[in-house]
Amino acid sequence: MGRKHVNDAGTRKGDLPQKVCVACGRPFAWRRKWARDWDQVKFCSDRCRDG
């Protein structure tokens, strides 16, 4: 029996909110480091933001 990816709050990875990167068009999921400013996040990575 495999382990599920569940954080402390009991949320599965697949249940996290997602956005589409405005630079590359790929979907990316919420990360804890973006918790305070998720509404302002537009890029999936530093590479896309700097590109």
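These lines cover the structure that appears in this document, whether it is placed above or below. No experiment lies behind these values; they were computed from the predicted model shown.

### Observations regarding the overall build of the chain
- Along the chain, the regular secondary structure elements total one helix and two strands.
- Secondary structure of the chain in N-to-C order comes out as β-β-α.
- In the chain, which comprises 51 residues, the proportion classed as buried is 14%.
- Residue pairs at least 24 apart in sequence account for 6% of intrachain contacts in the chain once pairs closer than 6 positions are excluded.
- Carbon and sulfur atoms provide 46% of the accessible area of the chain, an area that totals close to 4800 Å².

Thresholds, definitions, all that
Residues numbered from 1 in each chain as written. Predicted model: local features only at pLDDT ≥ 70, side-chain atom pairs only at ≥ 80, totals over all residues. Heavy atoms only, no water. Helix = DSSP H or I, 4+ residues; strand = E, 2+ residues; numbered from the N terminus. Buried < 20%, exposed > 50% of the residue type's maximum accessible area, 1.4 Å probe, protein only. Contact = heavy atoms within 4.5 Å. Areas by Shrake-Rupley, 256 points an atom, 1.4 Å probe, with all protein chains shown as cover.

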